[in-house]
Amino acid sequence: MKRLILAFLFSLFVLNGFSQQVKQNSGWFLFLNSTKFNDKWGMHLDVQLRSANEWDGLRNFLFRPGVTYYINKNSNATVGYLLTNTFLDQTGPVGHVLTEHRIWEQYILMHKIKSVAVQHRFRLEQRFIEAAGDDIFSQRLRYFLRGIIPLTETKDTFTKGPFAALQNELFFNVQHKAKLNGKLFDQNRAYGAIGYRFSKSFDVEAGYLNQFINGAGNNTMNHAIQLALYTRF
């Protein structure tokens, strides 16, 4: 767990050291559900809303369903689709929306370090991006690491009570990066939160997310407050 905390702090320290940054402040909302139909098959769904800079209206809407195959109790694989709309600010045409479609595949591995539940997620995305000129196709690889730390004494399974969450996610452009920022490294998202687990099926958490975007010209540092709801059925 110390390694996860150090990685989280190190990512914030390193990314804040980049020059030529555009700083933003926003709010994010995340709803994530996983539903098991039987021992082997289930459904994934997450819906996200993200505000524009300084909370000035809605900037992004994301809708991401998927079908999950449970390999065993500690790992699963999912294939899904994503629709995301980006609502342009006042510098663009009034009411103009850019749309991106994605096909995505992911593998999740879970394990415990004492009482801490750790999740590793590897996700590959095929991105079909609407642009001002020609539309863009690219592929992006993401690695996500998350730890749930119970704040009260627990038995083998943490089913109720307060917790802390730490996570970090790295994004890499692995195909057609020249059409995006021209770089392999795309962005990093570091996140820390406090939450409460009401039951084995329902979590609520709120925290701070630091999003660093490696742009073609200037870089962007987005400071986001995130509210997240997790359900499991």
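Before any of the text, the structure's been laid out above.
First, a word on what this report is: a plain description of the structure on this page.

Reading guide: rules and limits
Residues numbered from 1 in each chain as written. Predicted model: local features only at pLDDT ≥ 70, side-chain atom pairs only at ≥ 80, totals over all residues. Heavy atoms only, no water. Helix = DSSP H or I, 4+ residues; strand = E, 2+ residues; numbered from the N terminus. Buried < 20%, exposed > 50% of the residue type's maximum accessible area, 1.4 Å probe, protein only. Contact = heavy atoms within 4.5 Å. Areas by Shrake-Rupley, 256 points an atom, 1.4 Å probe, with all protein chains shown as cover. Polar contact = N/O pair within 3.5 Å; in protein donor to acceptor, adjacent residues only side chain to side chain. 1 Å grid on protein atoms, 1.4 Å probe; cavity = no way out; pocket = protein on both sides within 12 Å on 5 of 7 lines; lining within 4 Å. Points joined across faces, edges and corners; volume = space filled by probe spheres on them. Nonpolar A, V, L, I, M, F, W, Y, C, P; charged D, E, K, R; others polar. Pairing = 2+ DSSP bridges. Axes fitted to C-alpha atoms, helices over the stretch in contact; angles between N-to-C directions. Core = buried A, V, L, I, M, F, W, Y, C linked by side-chain atoms within 4.5 Å. Salt bridge = Lys/Arg side-chain N within 4 Å of Asp/Glu carboxyl O.

Our focus in this paragraph is the overall build of the protein chain. Of the regular secondary structure elements, the protein chain holds one helix and eleven strands. Sequence-ordered secondary structure for the protein chain, helices as α and strands as β, is α-β-β-β-β-β-β-β-β-β-β-β. Of all 233 residues assigned to the protein chain, the portion counted as buried reaches 43%. When contacts within the protein chain are restricted to residue pairs at least 6 apart in sequence, those whose partners lie at least 24 apart make up 52%. Working note: accessible area of the protein chain is about 12600 Å², and carbon and sulfur atoms make up 64% of it.

This part is about the side chain of T78. Along the chain, the position of T78 falls in strand β4 (residues 75-87). Given the relative accessible area of 3%, T78 is considered buried. Within the structure, T78 has its side chain in polar contact with the side chain of T68 (distance 2.8 Å). The contact partners of T78, leaving out residues within four places of it in the chain, are H44, G66, V67, T68, W104, E105 and Q106.

Our next topic: the layout of surface pockets. To locate leftover empty space, one rolls a probe as large as a water molecule over the atoms. For the second largest pocket, the calculated volume is near 1400 Å³. Lining of the second largest pocket is provided by 45 residues; of these, R59, N60, T86, R127 and I213 occupy positions nearest its centre. The element that contributes the greatest number of residues to the lining of the second largest pocket is strand β3 (residues 58-72), accounting for five residues. Classifying every residue of the lining of the second largest pocket gives 13 nonpolar, 18 polar and 14 charged.

A word on the environment of E54. By the secondary structure assignment, E54 is in the loop between β2 (41-51) and β3. Residue class for E54 comes out exposed when judged on its relative accessible area of 51%. Residues E54 and S26 lie 28 residues apart in sequence; the distance between their C-alpha atoms is 5.6 Å.

This paragraph deals with the sheet that holds strand β10 (residues 202-213). One closed barrel accounts for eleven strands, arranged β1-β2-β3-β4-β5-β6-β7-β8-β9-β10-β11; its pairing is mixed. Each strand axis lies, on average, 20° off the axis of its neighbour in the sheet, ignoring direction.

Moving on: the pairing of β4. Alignment of β3 against β4, held across ten bridges, turns out to be antiparallel. Bridging across to β4, Y69 finds its partner in A77. A loop of two residues connects β3 with β4, the two strands running antiparallel in sequence. Bridge count for β4 against strand β5 (residues 97-113) is 13 bridges, and the pairing is antiparallel. The residue of β5 that forms the bridge with N85 is T99.

A general trend in soluble globular proteins is that nonpolar side chains are found buried together. Within the largest apolar cluster, nine residues are counted, these being W28, I148, F158, F163, A165, Y191, A193, L209 and A224. Where this core is concerned, the elements lending two or more residues are β8 (161-175) and β9 (185-199). Counting residues in each nonpolar core, the second largest holds five residues, with V116, V118, L145 and I149 among its members.

Another point: the pattern of salt bridges. The final tally for this structure, using the stated rule, is twelve salt bridges. The partner of E125 in a salt bridge is R142, with the nearest N and O atoms 2.6 Å apart. Here R142 lies in strand β7 (residues 136-150) and E125 lies in strand β6 (residues 116-129), a separation of 17 residues in the sequence. If you follow the salt bridges from partner to partner, you end up with E100, R102, R121, E125, R127, R140, R142, E169 and D186 in one network.

Sheet analysis places β7 next to β8, joined by twelve bridges and oriented antiparallel. When the bridges of β8 are listed, L145 appears paired with N168. Judged from the twelve bridges that link them, β8 and β9 form a sheet pairing that is antiparallel. Among the inter-strand pairings, A165 is bridged to a residue of β9, identified as A193.

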